[in-house]
Amino acid sequence: MRASTLDAILAARAAKAALAVVTRISDGAQCTFDGSNVDGPMSLSPTQIEEVSGRMRDDRSGTFDDGTLFAQIYNPPLRLIIVGAVHIAQALAPMAAITGFDVTVVDPRGTFATEERFPGITLSDDWPDEALEALAPDGRTAVVTLTHDPKLDDPALQVALRSSAFYIASLGGQRTHSGRLERLRDAGFDAAALARINGPAGLRIGAVSPAEIAVSILAQLTAIRHGKSAARAAA
Amino acid sequence: MTKTFDALARDDVLRTLATWHGEGRKAAIATVVSTWGSSPRPVGSQLGIDGDGNLVGSVSGGCIEGAVAKEALEAMQDGQSRLLEFGVSNEQAWEVGLACGGTVQVFVERLEG
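Residues numbered from 1 in each chain as written. Chains lettered and ligands numbered in written order. Predicted model: local features only at pLDDT ≥ 70, side-chain atom pairs only at ≥ 80, totals over all residues.

Asks: A description of the overall build of chain A should follow, citing residues and the corresponding values.
Replies: Along its length, chain A carries 9 helices and 11 strands. Each of the three principal axes of chain A carries a C-alpha extent, and together these read 60 × 40 × 35 Å. Taking as baseline every contact in chain A between residues at least 6 positions apart, the subset at least 24 positions apart corresponds to 53%. (Helix = DSSP H or I, 4+ residues; strand = E, 2+ residues; numbered from the N terminus. Contact = placed C-beta atoms within 7 Å.)

Asks: Could you give an account of the overall build of chain B, naming the residues involved and the relevant values?
Replies: Of regular secondary structure, chain B possesses 4 helices and 5 strands. Helices and strands in chain B line up, N terminus first, as α-α-β-β-β-α-β-α-β. Residue burial in chain B is summarised as follows: out of 113 residues, 35% are buried. (Buried ≥ 20, exposed ≤ 12 C-beta atoms within 10 Å, placed from the backbone.)

Asks: Can you tell me about the nonpolar core, naming the residues and giving the values?
Replies: The biggest cluster of nonpolar side chains holds 43 residues, and the ones touching the most others in it are I82, A89, L92, A93, V105, V144 and I217 of chain A. Where this core is concerned, the elements lending two or more residues are β6 (79-83), α3 (87-99), β7 (102-106), α4 (128-135), β9 (141-145), α5 (150-161), β10 (167-170) and α8 (210-225) of chain A. Excluding residues within four positions of it along the chain, A89 of chain A makes contact with I82, G84, V105 and L146 of chain A. By size, the runner-up hydrophobic cluster in this structure holds 37 residues, among which are M1 and L19 of chain A together with A28 and V108 of chain B. (Core = buried A, V, L, I, M, F, W, Y, C linked by C-beta atoms within 7 Å.)

Asks: So what's going on with the interface of chain A and chain B? Residues and values would help.
Replies: With 19 residues of chain A at the interface, the matching set in chain B holds 23 residues. Sorting the residues of the side of chain A that touches chain B by element identifies α1 (3-14), β4 (62-64), β5 (69-74) and α3 of chain A as the ones contributing at least two each. Ranked by residues supplied to the side of chain A that touches chain B, first place goes to α1 of chain A with 4 residues. The residue inventory of the side of chain A that touches chain B, partitioned by class, reads 11 nonpolar, 7 polar and 1 charged. (Nonpolar A, V, L, I, M, F, W, Y, C, P; charged D, E, K, R; others polar.)

Asks: Account for the environment of I168 of chain A, naming residues and giving values.
Replies: Residue and element names in this part refer to chain A. Of note, I168 is situated in strand β10. For the pair formed by I168 and T141, sequence separation is 27 residues and the distance between their alpha carbons is 9.0 Å. In this structure, I168 is in contact with V143, L157, A160, L161, R196, I197 and N198, ignoring residues within four places of it in sequence.

Asks: Report on the sheet that holds β7 of chain A, specifying residues and quantitative values.
Replies: Residue and element names in this part refer to chain A. Within the open sheet, the 6 strands sit side by side as β8-β7-β6-β9-β10-β11. Their pairing is parallel. In the strand order of this sheet, the two ends are held by β8 (122-124) and β11 (197-198), each with one partner. One ladder, built from 5 bridges, connects β6 with β7; its direction is parallel. Note that in β7 the partner of V83 across the bridge is V106. (Pairing = 2+ DSSP bridges.)

Asks: I'd like a rundown of the environment of A27 of chain B, residues and numbers included.
Replies: Residues and elements named next belong to chain B. The topology assignment puts A27 in strand β1 (residues 27-36). Using a count of 25 C-beta atoms within 10 Å as the deciding quantity, one classes A27 as buried. Along the primary structure A27 and E109 are separated by 82 residues, whereas in three dimensions their C-alpha atoms are 8.9 Å apart. Ignoring anything within four residues of it in the chain, the contact list for A27 reads L17, W20, H21, G48, I49, D50 and L111.

Asks: Hey, could you go over α5 of chain A for me, with residue numbers and the actual values?
Replies: With 12 residues, α5 of chain A extends 15 Å from end C-alpha to end C-alpha; this agrees with the ideal 16 Å at 1.5 Å per step. On its buried face, α5 of chain A is in contact with β6, α4, β9, β10, α6 (174-186) and β11 of chain A. (Expected span 1.5 Å × (residues − 1).)

Asks: I'd love a proper account of the confidence of the model for chain B, names of residues and values included.
Replies: Here chain B averages 85 in pLDDT, while 79% of its residues score no lower than 70. Both scores are available for the predicted complex, with the pTM at 0.78 and the ipTM at 0.86. (pLDDT = per-residue confidence, 0-100.)

Asks: Tell me about the domain arrangement of chain A, and please be specific about residues and values.
Replies: What the domain assignment lists for chain A is domain 1 (3-74) and domain 2 (79-234). Each of domain 1 of chain A and domain 2 of chain A has a C-alpha centre, and the two are 33 Å apart. (Domains from an automatic or database assignment.)

Asks: Could you give an account of the packing of α4 of chain A against α5 of chain A, naming the residues involved and the relevant values?
Replies: Residues and elements named next belong to chain A. Taken N-terminus to C-terminus, the directions of α4 and α5 make an angle of 25°; their axes are 8 Å apart at the nearest point. When the axes of α4 and α5 are compared, the pair comes out roughly parallel. Between α4 and α5 lies a crossing of right-handed hand. Along the contact surface, α4 presents P128, D129, L132 and E133, while α5 presents L152, P155, A156, Q158, V159 and A160. (Axes fitted to C-alpha atoms, helices over the stretch in contact; angles between N-to-C directions. Parallel < 35°, antiparallel > 145°, perpendicular 65-115°, else oblique. Left-handed = near helix turned anticlockwise from the far one by under 90°.)

Asks: Hey, could you go over α6 of chain A for me, with residue numbers and the actual values?
Replies: Within an α-helix, residues lying three or four positions from one another point in the same direction, as the helix has 3.6 residues per turn. End to end, α6 of chain A covers 18 Å across 13 residues, agreeing with the expected 18 Å (1.5 Å per residue, within 8%). A positive phi of about 105° marks G188 of chain A, the residue just after α6 of chain A.

Asks: If you had to explain the pairing of β7 of chain A to someone new, which residues and values would you point to?
Replies: Residues and elements named next belong to chain A. Of all the 5 residues making up β7, 4 are buried; the element is thus mostly covered by neighbouring parts of the structure. Running through α3, the crossover from β6 to the neighbouring parallel element β7 is right-handed. Sheet topology places β7 next to β8; 3 bridges connect them, and they run parallel. Bridged to V106 within β8 is S124. (Right-handed = clockwise from strand over helix to strand, strands pointing away.)

Asks: Got a sec to walk through the environment of L80 of chain A? Specific residues and values, please.
Replies: Residue and element names in this part refer to chain A. Residue placement: L80 occurs in strand β6. You can call L80 buried: it has 25 C-beta atoms within 10 Å. With 74 residues separating them along the chain, L80 and L6 place their C-alpha atoms 27 Å apart. Not counting the four nearest positions on each side in its chain, L80 is found in contact with A96, F101, V103, A142 and V144.

See the structure below:
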């Protein structure tokens, strides 16, 4: 690999842009593809570009053309938006960061979302619906609300439910959750939409402490990310 | 908590490779390009190796990193990329095979100036 290719990968990562590096296994020749342009000493046919584009969409590195070419996909990290800079968030945010998520913690209550409580984590003190509208959750984004406060959780959930977020979860016991579903139903969300909310959040592993609850949420998030729908049934 | 993020930075294969390169150290990259059966690390997993045999990242659960590093040091010398295969079907399975019984192909390439 040329140092310039390594630099291109790191630059794309810093810009949160997707980049594919295609390698010819026989001699190590390489090119990069950013979704529109091929760059480097090797060229790609339209069919090969199609193949690599599909792999970028599916986040799927691998060999193709009978194992002669290898595409390494560098997609921007999955995002996790946590609403509520509460004690559980202090455990969940760094755990999710280690797992590879780009984490943002949203809490308009200034005393909660502080750099001291969340070193190195992106913080927003905007109102949750405004913060989520700005962050624009997509199919590579997870949204978890942790405040227990309908004034903060509900607006965030409404934005999340109108998005294609791949994981939506809300903390709170069965009764809190029923009340939440009722309010969202009144706000016009149908059963299919409400079924997208994992509530109470997390897998049922007997979690008690904030860190344990964070583990249960991260475990459920991981299961759903990898398409293990049984995670819902087991919860 | 800060320690957590230091640990993350130490685990960053590409950034570490860039740092090594910037310091004028020789370096190579090993990438899992295909797997069959059970394998500890998925396609796309990477291991960085410097001229002194320092490692960052992984291409297995620790079963084959030593053998990959040896090939990487050779690639740094001769400049040739190579495709390695490890698994039970391999002659050297008892030495550097995968305990889990899977097979992996690892592409090793030198980082060029």
